Amino acid sequence: AQRVTQPEKLLSVFKGAPVELKCNYSYSGSPELFWYVQYSRQRLQLLLRHISRESIKGFTADLNKGETSFHLKKPFAQEEDSAMYYCALSQADSGGSNYKLTFGKGTLLTVNP
Amino acid sequence: EADIYQTPRYLVIGTGKKITLECSQTMGHDKMYWYQQDPGMELHLIHYSYGVNSTEKGDLSSESTVSRIRTEHFPLTLESARPSHTSQYLCASSEPGDNYGYTFGSGTRLTVV
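This structure is a prediction, so every number in the text was calculated from the model and none was measured.

S.K.: Which residues make up the overall build of chain B, and what values go with them?
M.R.: The secondary structure content of chain B amounts to zero helices and eleven strands. Reading chain B from its N end, one meets helices and strands in the order β-β-β-β-β-β-β-β-β-β-β. Over its C-alpha trace chain B gives a radius of gyration of 13 Å, about what one expects of a compact globule, namely 13 Å for 113 residues. Summarising its shape, the C-alpha atoms of chain B cover approximately 40 × 30 × 30 Å along the three principal directions. Looking at chain B as a whole, 49% of its 113 residues qualify as buried. Partitioning the contacts of chain B with sequence separation of at least 6, the portion at a separation of at least 24 is 54%. When the accessible area of chain B is evaluated, it comes to approximately 5200 Å², of which 51% is carbon and sulfur surface. Here chain B holds 9 positive side-chain charges and 13 negative ones, and the gap between their average locations is 9 Å.

This is the structure:
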């Protein structure tokens, strides 16, 4: 079964330190992966998509098919990065023609001053 | 402004009452979703729809029901609320295809007493 694993429920770093939020997946097809972020008192919002190969707010994520990972990284964490981060996998439904997202359990990142 | 709206934001209701959580989007998206999220926990897909008159049950069994009579409207109904239904309910919509992220509403936090 398709699954998304975020092994760290909590992650705490100091401002200016590098940060890596881990995400591993299991999927038999070609995965489409996303990172979502939820800041305090705000909506869940898309941070980045692996297919875009973009950097958003200094964050990047590389799909490693060999390790089945999609870790989120930022070289220098900022206090405003403190939030809940969810990794998500897009999977086809039973009909194979439509897709839905499966989310990991999330990692709460705290960036200390 | 094109967006997705959920009402009410908060609802406290007694056991046995019938409730409907509203979700509307003005982006013209065919795909809409309902997720259930307990505080600090993962999101579970409970219902989704790929268009008018299309509804499917999600990965997490739910006693709620949904309808999709209009593209922009995807309400969720609980015929008889119970304390076990206490949770946050998130509505989302997306464009077709597996590469597009979801746009989430602000959520409805339901408390059944």
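S.K.: Could you give an account of the pairing of strand β6 (residues 44–49) of chain A, naming the residues involved and the relevant values?
M.R.: Residues and elements named next belong to chain A. Both strand β5 (residues 32–38) and β6 contribute to a ladder of five bridges, which runs antiparallel. Pairing of W35 across the sheet is with L48, part of β6. In textbook terms, the turn of a hairpin is the stretch between consecutive antiparallel strands, and for β5 and β6 this stretch comprises five residues, one of which, R41, has a positive phi near 65 degrees.

S.K.: Run through the state of the cysteines, naming residues and quoting values.
M.R.: All names here are of chain A. As enumerated under the stated definition, the model contains two disulfides over all chains in all. Through a disulfide, C23 is tied to C87; the S-S separation comes to 2.0 Å. Disulfide C23-C87: the torsion about the S-S bond is -65 degrees, which places it as left-handed. Placement of C23 in the loop between β3 (19–21) and β4 (24–26) and of C87 in strand β9 (residues 83–92) is noted, with a sequence separation of 64 residues between them. Relative accessible area serves as the criterion here: at 0%, C87 is assigned to the buried category.

Scoring rules and cut-offs
Residues numbered from 1 in each chain as written. Chains lettered and ligands numbered in written order. Predicted model: local features only at pLDDT ≥ 70, side-chain atom pairs only at ≥ 80, totals over all residues. Heavy atoms only, no water. Helix = DSSP H or I, 4+ residues; strand = E, 2+ residues; numbered from the N terminus. Rg over C-alpha atoms; globule rule 2.2 N^0.38 Å. Buried < 20%, exposed > 50% of the residue type's maximum accessible area, 1.4 Å probe, protein only. Contact = heavy atoms within 4.5 Å. Areas by Shrake-Rupley, 256 points an atom, 1.4 Å probe, with all protein chains shown as cover. Lys, Arg positive; Asp, Glu negative; His and termini not counted. Charge placed at Lys NZ, Arg CZ, Asp CG, Glu CD. Pairing = 2+ DSSP bridges. Disulfide = S-S within 2.5 Å.

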